[in-house]
Structure formats: structure tokens, C-alpha cells
Amino acid sequence: MAEASASAEARTAARVADLTGGESVAGLAEAGKTRGIEALKGDAGGESDPIGLCTDRDPIRCDSTAEAAAKRPRLDTERRRLVESKEPIASDRKDETNAPGESVYIAGRYLKFSRALSQSPWTVDDGQMGDGSVQDAIASHLLPLTHPVSHKFQAAGREDIDVRMLGSGRPFLLEFKGAKLVPTVGDVKRIEGEINEQERGKVGVLQLQLADARVCAVMRQGEAEKQKSYVAVVWLSRPITQADVAKLESIRDLELQQKTPIRVLHRRSPLTRPRTIYSMQCHLVPSNPHVFLLHLTTQAGTYVKEFVHGDFGRTQPNVGSLLNCEADILQLDVVDIKMDFLL
């Protein structure tokens, strides 16, 4: 029994280390204590966005240090709803010179392993923020095969810059407009291997394949029906108890009322949206009684970070209100997107 307990603790410790990138839980927890109203004041450097509101096209930067985490507002961005199609989409088109104006479509699923990588290019005052983007990391390997006039990247939602995308990956589509060449199936599979090798530690791709414009519609169907799974490092203002664990794990199909988060009020209508938390599982962290791992499955479109910290009462119920204490989120990974997309 003791050996089994020690093994479980070791697995939890390893998962925490993976989520936090090796940063001490104590440092992250200390940062969590400082979040709240003060965090909305933003950095003292005279930023153009003084309260740190984050848009999906201008995510705020991800610093790896606990000191920076204590100063910056909560890093969060809208998670758009997912869609599905029951009909896989593929193509057997051969290498050929493309007609003027014709588009070439390449689809797949991407993995994001870096917490300093945005989904699409993000610049401020002509300077690149973060360590690049998922879009550029993938497209740069495919541009020489298509020679397009321009290209466009679309995905089934997006994660925040400091949130990793793991598991089976997030569906995406790259459209190469006015492409002069159409790569073969073999070319695309070769590039998949090239991306996974050369972008190791930053981005990976799965199921990379030629597709067509129908993929756009695939990613817009069934918006409210999809589910997503996450794992988060959560901090509480008091030590977590076995009673807390039992309470959270007993909850099924919890309906939330989520008002438009403060961080997106400047671009979103002030509505109250019902969302569902389908299930939760907890793993205690032996090294810090205030911190635990929270595994949860949610309805697409749920603001997960707001569910944890409550967004100053704008999401009800939330982890803090359920456990009658303050709660905050220190790290977050997307671990599964349940969506039929490609073969």
C-alpha cells in the first residue's frame, strides 16, 4: 500500500513538474496569492492596454518567472467553440501546376508544447511578441511546396499563449491562395515528419493531409456539441482537504452562468452564457497543500480560467465558491478536443 501511494505521489509530482516547466509550485502559488484586483492594474511600464485585457489576436506575453506572473494579469483568451463532421475529408490530387487564383488546402491537427508561442503571429509596435507562432512554424515548411500569393490559417478555436495544446491536437486548415504548385500526398507526409523534427519542443503536427474548402464548414458545424478536456494547476487560499476532493469529484453536468469575462468586455457583448462542466478529478500535490491538479471535461466555449478564479463573481458557480475559499489557476493544458475531423 505504501509503495502504491509513493508511486502515485511520484506520478503527480512529475505531472506538476511537466505543467509548470520545472518552476517551483511554491513560487507559482505565491504568484497566485497576489492575483486579483491588483493584477488588473497591469505593468507599470505604461502599456497601451493598462488593465491588460487580452484579445484573441493580441495575447499578452507569457513570462516564465513567478515574479512576472505576479505582476501580469491573468493570461487568458477566448476558446472558440468546436465543430465536427461525420465525413472525413481527404484528397488524392497529384503534383501539378496550379491554375491562377486556385487555392490549395492542407489540414491536420497541431500540438503546441511551448508556453511562449501564440497561435497566430502577434506583433506590437512592429516587434514580434513571444517566440513566434504555430501558424508560422507550420506554414514555413509548406510554402516552398505551393508558392502561393498568400496564405490563411484557420483552427477549431485557440488556446492562450501560455496554454499548451496536447493530446490528439487541435484541428487546423491552411489555405494557400493562388498557389502555383500542388504537392503530392507523399510531399505532405514528408513535411509532417520535417515539422515534427525541426520544430521539436515547440510545435508538432498529426494527420497532415491535402484537403479542400469543405474543411472550413466542418470546423463550423455542431458548435455547442463538442467537449474539451483540460488539466490545471489550481491554488487555494487554504489547504485542500479530502472533503474538497470528494465534493468536486462528485459533481456531474454542473451548469455555469458565465458573464462576458472582464478581459473581453471591450469586444464582446455583455451577455450571460450557460456552460457545462461535465466532470472533474483531483490529484493532491504532496509538496504543497494549497495546490492540486484539476482534470476537467467541459462544454466547448467554457471559460476555464474564469471557472477556477470566478472572474470577480462573474462566473457562478466557480471553484472558489464551491469550496468556500479563494482559488486561482497557475497553469493550464488542453489535453483533448473531442471532434471528428479527418481520417
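Let me sum up the structure you'll find in this document. (Residues numbered from 1 in each chain as written. Predicted model: local features only at pLDDT ≥ 70, side-chain atom pairs only at ≥ 80, totals over all residues. Heavy atoms only, no water.)

**Re the overall build of the chain**
Along the chain, the regular secondary structure elements total nine helices and 14 strands. Within the chain, counting contacts between residues at least 6 apart in sequence, those at least 24 apart form 78% of the total. Here the chain displays about 15,000 Å² of accessible surface, and carbon together with sulfur accounts for 52% of that area. (Helix = DSSP H or I, 4+ residues; strand = E, 2+ residues; numbered from the N terminus. Contact = heavy atoms within 4.5 Å. Areas by Shrake-Rupley, 256 points an atom, 1.4 Å probe, with all protein chains shown as cover.)

**Quick notes on the nonpolar core**
Formed by 64 residues in total, the largest nonpolar core has its most connected members in Ile138, Leu236 and Phe307. It is helix H4 (residues 134-146) that provides the largest number of residues to this core, a total of six residues. Apart from the residues lying within four places of it in its own chain, the contact partners of Ile138 are Tyr110, Phe172, Leu174, Ile195, Val203 and Val205. With six residues, the next largest nonpolar core counts Val233, Trp235, Val285 and Leu293 among its residues. (Core = buried A, V, L, I, M, F, W, Y, C linked by side-chain atoms within 4.5 Å. Buried < 20%, exposed > 50% of the residue type's maximum accessible area, 1.4 Å probe, protein only.)

**Focus on unusual backbone geometry**
One can expect most non-glycine residues to show negative phi and most peptide bonds to be in trans. The peptide bond linking Gln316 to Pro317 adopts the cis configuration, its omega dihedral lying at -10 degrees. You can see Pro317 is positioned in the loop between strand E13 (315-316) and helix H9 (319-323). A positive phi angle is found at His147, which is not glycine, with a value near 45 degrees. By the secondary structure assignment, His147 is in the loop between H4 and strand E5 (150-155). Given the relative accessible area of 40%, His147 is considered partly exposed. Notably, Asp311 is not glycine yet its phi reads approximately 50 degrees, a positive angle. Tracing the sequence through the fold places Asp311 in the loop between helix H8 (304-309) and E13. Residue classification places Asp311 among the buried residues on the basis of a relative accessible area of 5%.

**Topic: the pattern of salt bridges**
Counted by the stated rule, this structure contains 14 salt bridges. Put simply, Arg170 and Glu159 hold a salt bridge, and the shortest N to O gap is 2.8 Å. With Arg170 in strand E6 (residues 164-177) and Glu159 in the loop between E5 and E6, this pair connects stretches of sequence that are eleven residues apart. Residues Arg170 and Glu159 agree in their burial class; the two are buried. Shared partners join several salt bridges into a network, and the residues in it are Arg115, Arg164 and Asp333. (Salt bridge = Lys/Arg side-chain N within 4 Å of Asp/Glu carboxyl O.)

**Examining the pairing of strand E2 (residues 104-112)**
Burial within E2 is extensive, with nine of its nine residues counted as buried. Burial along E2 is two-sided: Val104, Ile106, Gly108, Tyr110 and Lys112 facing one way and Tyr105, Ala107, Arg109 and Leu111 facing the other are all buried. As paired elements, E2 and E6 share eight bridges and run antiparallel to each other. Its bridge partner lying in E6, Ile106 is registered against Leu174. As paired elements, E2 and strand E8 (residues 203-211) share seven bridges and run antiparallel to each other. Bridge pairing in E8 links Tyr110 to Val205. (Pairing = 2+ DSSP bridges.)

**Quick word on helix H5 (residues 185-198)**
The first and last C-alpha atoms of H5 sit 20 Å apart over 14 residues, in line with the 20 Å expected at 1.5 Å per residue. Looking at H5, one finds that the buried residues are Val188, Ile191, Glu192 and Ile195. Along the long axis of H5, the arc covered by the buried residues comes to 110 degrees, so they all point the same way. At its buried positions, H5 is contacted by E2, H4 and E8. (Expected span 1.5 Å × (residues − 1). Arc of directions from axis to C-beta.)

**Things to note about helix H7 (residues 242-250)**
Within the span of H7, buried status applies to Asp244, Val245 and Leu248. Viewed end-on, H7 has its buried residues packed into an arc of 100 degrees, placing them on one side of the element. Seen from the buried face of H7, the exposed residues on the opposite side, beyond 90 degrees, are Gln242, Ala243 and Ser250.

**Quick look at the packing of aromatic side chains**
Taken as a whole and judged by the stated rule, the model has three aromatic pairs. Centre to centre, the rings of Tyr110 and Phe153 are 6.3 Å apart; their planes meet at 45 degrees, and the pair counts as tilted. Of this pair, Tyr110 sits in strand E2 while Phe153 is found in strand E5, placing the two residues 43 residues apart along the sequence. Seen from their ring centres, Tyr110 and Phe172 are 6.2 Å apart, and the 50 degrees between their planes marks the pair as tilted. On the criterion of sequence distance, the pair formed by Tyr110 in strand E2 and Phe172 in strand E6 is long-range, its members being 62 residues apart. Side by side, Tyr110 and Phe172 carry an identical accessibility label, which is buried. Three or more aromatic residues link up through ring pairs in this structure, and these residues are Tyr110, Phe153 and Phe172. (Phe/Tyr/Trp six-rings, centres within 6.5 Å; stacked < 30°, edge-to-face > 60°.)

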